[in-house]
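So you can see what is in the structure, the chains are spelled out below.
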Amino acid sequence: MLKIFNTLTKKKEKFQFPYSKKINIYVCGVTVYDLCHIGHARTFIVFDIIKRYLEYLGYKTCYVRNITDIDDKIIYAANKKNESIDVFVKRMIKLMHEDFLCLNLQNPDHEPRITRCMQDIISFIESLFNNKLAYISDNKDILFSIQKYNSYGILSRRIKKCCLNENKSNSVFYFNQSDDFVLWKHRVNKSDPYWISPWGPGRPGWHIECSAIINKFFKNGVNIHGGGIDLLFPHHENELAQLKSIKSSFSIEFWIHVGMVIINNHKMSKSLSNTVLVRDLLKKYDSEVIRFYILSTHYRHPLIFLEKNLNASKNILNKIYVSLLGSDVSSEHSDYHIKLRNIFRKKFFSAMNDDFNTPKACLILQNLSKYITNIKKSSDILLYNSLSKDLIFFGNILGLLHHDPKNFLFSSTNQILASHSNIHIVKKLVRMRDAYRKHKKWNLSDIIRKELLKLGVIVQDKHERSTYKFIYKN
Ligand SMILES: [Zn+2]
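Residues numbered from 1 in each chain as written. Predicted model: local features only at pLDDT ≥ 70, side-chain atom pairs only at ≥ 80, totals over all residues. Heavy atoms only, no water.

Which entries qualify depends on this criterion: UniProt positions are given in the numbering used here, feature names are shortened, and annotations may be inferred rather than shown by experiment.
An unreviewed UniProt entry annotates the protein as Cysteine--tRNA ligase of Buchnera aphidicola. Entered under Sequence similarities (unreviewed entry) in the UniProt record, the comment concerning the protein runs "Belongs to the class-I aminoacyl-tRNA synthetase family." We quote the UniProt Catalytic activity (unreviewed entry) comment for the protein here in full: "tRNA(Cys) + L-cysteine + ATP = L-cysteinyl-tRNA(Cys) + AMP + diphosphate".

Have a look at this one:
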């Protein structure tokens, strides 16, 4: 059975909903003031996997991911570019969608823009007023009163001052009125965008957006709420406080948080100028390489970004595709060597059921790939094809192995194939070509020869074994 680590309880818990249930998933989306970076890629690839896996298990899902299309950073960035906010935001959303498409992320069922949900947000704040959780501050902003909400801090394990006694450690956090957060920002500058509300012109605070959207789409509660770990406090704590304040029975069963990306020993951040953009990575690496790399670290751990590790992932994925080169998955037989195939199946699914242990699942893909490479050398073609089909099936659950092996290995982003650092793969291809020649499969051997040539590798045919040389050195 699937178990998921729940930030709320700090435990791995059984995900025991009936398979007939539609699973409601909400993930905090992008604030579209700049291009998407590897931190975005990591978070949304992780939830892409979670959605794919739940669907594999038989659940239907409803996945909602918001777009924050108004905030201070957006106003600043649009002004800097000398664009209207509307034009700027449309352009940034288009670029975000391009990145997500290239990363092979499945689309959410709903992707609401905040500025299109203003009435929902205003109604939500009115409900908070009715329940006496909201108040008007001296500067006319509308604030949420933390003091009036008893369970504040339950998600992030911070404790309110009023709950502390003398024996409690000093290291716990506490709150007072200055920690009250903004629900509605009163318009200060005449040039700022605004919406009309019962409290005058202004715009929503950040935290209220997600609560209002969750309330709009998921009246019956959310089964999985997720985002990056940096959102745990205050954003998710505040979201939960708002939702519980208008409906105490509102439930969010699983809170899932994705670890940070660390670059040069620091958390990736724009202010440190250590941001790695998705589109820059995509110029150099196939999206499956990026995905494989990201999934090779468990989602709850920090991901220490190192380009050499990304290249290592590329080499591993190349090897996996080489093992699939020449397989015919249409000719497998579902029951053939079922005991052997079940060993890999069991390992793969027990890894995924253990809080989406994708590093282990990736290792099982590698092991299966090595196994089928050996089978390939034997004469049991049916077993080779059957295991190849299993390998592709497991890969697809992770959003991998969607390419035709030949296309992947000879793609423009995979030029490293012809470098000396990847000589083992070139060797494998040349030997594979020898095998095709031996069996008089001239068409296939010729395809490999031509593609190797394009990549700067010349093959010279001898009787049984060909030799090769690089035309240029990398
Ligand atoms: Zn949110």
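Resuming the write-up.
1. A short note on helix H1 (residues 38-57)
Turn by turn, an α-helix covers 3.6 residues, leaving residues three or four places apart pointing in a common direction. Quick note on the threshold: Each helix is a run of DSSP H or I of at least 4 residues and each strand a run of E of at least 2, with the numbering of both proceeding from the N terminus. Residue count minus one, scaled by 1.5 Å, sets the expected span of a helix. Partly exposed describes any residue whose relative accessible area lies between the buried limit of under 20% and the exposed limit of over 50%, with all areas from a 1.4 Å probe on protein chains only and scaled to the type maximum.
End to end, H1 covers 28 Å across 20 residues, agreeing with the expected 28 Å (1.5 Å per residue, within 8%). Counted residue by residue, H1 has 17 buried out of 20 residues, so it is predominantly covered. Directly beyond the C-terminal end of H1, a positive phi value near 115 degrees is found at Gly-58.

2. Re the pairing of strand E3 (residues 22-27)
Within a regular beta strand, the side chains point alternately toward one face of the sheet and then the other, so they alternate between its two faces. Selection rule: Crossover handedness is defined by viewing with both strands directed away from the observer: a clockwise path from the first strand over the helix to the second marks the crossover as right-handed. Being paired, for any two strands, means DSSP has found at least two bridges between them.
Buried residues dominate E3, accounting for five of its six residues. Regarding topology, H1 serves as the crossover connection from E3 to the parallel strand E4 (residues 60-65), and that connection is right-handed. For E3 and strand E9 (residues 222-228), the ladder comprises three bridges, and the chain directions are parallel. Its bridge partner being in E9, Val-27 is matched across the sheet by Gly-226.

3. Brief notes about the UniProt feature "short sequence motif: 'HIGH' region" (unreviewed entry) in the protein
Here the UniProt feature "short sequence motif: 'HIGH' region" (unreviewed entry) sits at residues 30-40. Secondary structure across residues 30-40 divides into 27% helix and 0% strand, with the first and last C-alpha atoms of the span separated by 8 Å.

4. Some remarks on the sheet that holds strand E11 (residues 261-263)
Taken together, the three strands give an open sheet; going across it, the order is E12-E11-E13, and neighbouring strands pair in mixed fashion. At either end of the open sheet lies a strand with only one pairing partner, and these are strand E12 (266-267) and strand E13 (303-304).

5. A closer look at the environment of Pro-201
To keep things clear, this is the line we draw: Two residues qualify as a contact provided that any one of their heavy atoms is within 4.5 Å of a heavy atom in the partner residue.
Mapping Pro-201 onto the fold places it in the loop between strand E7 (181-186) and strand E8 (202-204). On the accessibility criterion, Pro-201 (25% relative accessible area) is partly exposed. A sequence separation of 130 residues divides Pro-201 from Ser-331, and the C-alpha atoms of the two residues are 66 Å apart. In contact with Pro-201, other than residues within four places in its own chain, are Trp-184, Lys-185, His-186, Arg-187, Tyr-194, Trp-195 and Ile-196.

6. Re the domain arrangement of the protein
Inclusion rule: Where each domain begins and ends follows an automated or database-derived domain assignment. Here the quantity called buried area is the total loss of accessible area, with a 1.4 Å probe, experienced by two parts when brought into contact, counted for both. For this analysis, a salt bridge means a side-chain nitrogen from Lys or Arg found within 4 Å of a carboxyl oxygen belonging to Asp or Glu. Here a polar contact means two N or O atoms within 3.5 Å. Within protein one must be a hydrogen donor candidate and the other an acceptor candidate, and residues neighboring in sequence count only if both atoms are side-chain atoms.
With domains assigned, the protein is organised as domain 1 (19-278), domain 2 (307-408) and domain 3 (410-474). Counting residues at the interface gives 13 residues for domain 2, matched by 14 residues for domain 3. With both chains or domains summed, domain 2 and domain 3 bury close to 1,200 Å², and 59% of this area falls on carbon and sulfur atoms. On the domain 2 side of the contact with domain 3, Lys-314, Val-322 and Lys-406 bury the most area, a combined 39% of that side's loss. Our count for the contact surface shared by domain 2 and domain 3 stands at zero salt bridges. Where domain 2 touches domain 3, the interface holds zero residue pairs in polar contact (both at pLDDT 80 or more).

7. Brief notes about the coordination of the zinc ion
Threshold: Here the term donor refers to an N, O or S atom within 2.8 Å of the metal (or 3.2 Å for Na, K and Ca), and because water is left out of the atoms, sites may appear incomplete. The geometry test gives tetrahedral to four donors whose angles all lie between 85 and 135 degrees, gives square planar to four donors and octahedral to six donors whose opposite members are over 155 degrees apart with all other angles between 65 and 115, and gives irregular to the rest.
Summarising the metal site, the zinc ion is bound by the protein donors Cys-28 (SG), Cys-210 (SG), His-235 (NE2) and Glu-239 (OE), whose distances to it range over 2.0 to 2.2 Å. Its four donor atoms give the zinc ion angles of 80 to 127 degrees at the centre, a pattern that matches the irregular case.

8. Some details on unusual backbone geometry
Note the cis peptide between Phe-233 and Pro-234, where omega equals 5 degrees. Unlike most non-glycine residues, Asn-82 shows phi in positive territory, near 60 degrees. For Asn-82, a relative accessible area of 74% translates into the label exposed. If you check the backbone angles, Arg-157 has positive phi at about 60 degrees while not being a glycine.

9. Comments concerning the packing of H1 against helix H10 (residues 338-353)
Helix-helix packing is characterised by the crossing angle of the two axes and by the distance between the axes. Condition: For helices, the fitted axis covers only the stretch in contact; all axes are lines through C-alpha atoms, and the angles between them, taken along N-to-C directions, range from 0 to 180 degrees. Working definition: roughly parallel below 35 degrees, roughly antiparallel above 145 degrees, roughly perpendicular at 65 to 115 degrees, and oblique for all remaining angles. What makes a crossing left-handed is the near helix being turned counterclockwise from the far one by less than a right angle; a clockwise turn instead makes it right-handed. Three classes are used, and their members are as follows: Ala, Val, Leu, Ile, Met, Phe, Trp, Tyr, Cys and Pro are nonpolar, Asp, Glu, Lys and Arg are charged, and the others, Gly among them, are polar.
Taken N-terminus to C-terminus, the directions of H1 and H10 make an angle of 125 degrees; their axes are 12 Å apart at the nearest point. It follows from the interaxial angle that H1 and H10 lie oblique. Of the two possible hands of crossing, H1 and H10 adopt the one that is left-handed. Residues Ile-49, Tyr-53 and Tyr-56 of H1 form the contact with H10, whose participating residues are Arg-345, Phe-349, Met-352 and Asn-353. Among the residues making up the contact of H1 with H10, the classes are represented as five nonpolar, one polar and one charged.

10. Some thoughts on the pattern of salt bridges
Overall, the coordinates contain 24 salt bridges when judged by the stated rule. Its salt-bridge partner being Asp-69, residue Arg-113 comes within 2.7 Å of it at the nearest N-O pair. Taken together, the positions of Arg-113 in the loop between helix H3 (85-102) and helix H4 (118-130) and Asp-69 in the loop between E4 and helix H2 (72-80) put the pair 44 residues apart, joining distant regions of the chain. The exposure class assigned to Asp-69 is buried, which follows from its relative accessible area of 2%. Of the charged contacts, one joins Arg-279 and Glu-98 as a salt bridge, the two residues approaching to 3.3 Å between their closest N and O atoms. With Arg-279 in helix H7 (residues 278-284) and Glu-98 in helix H3, this pair connects stretches of sequence that are 181 residues apart. On the basis of relative accessibility, which here comes to 21%, the residue Arg-279 falls in the partly exposed class.

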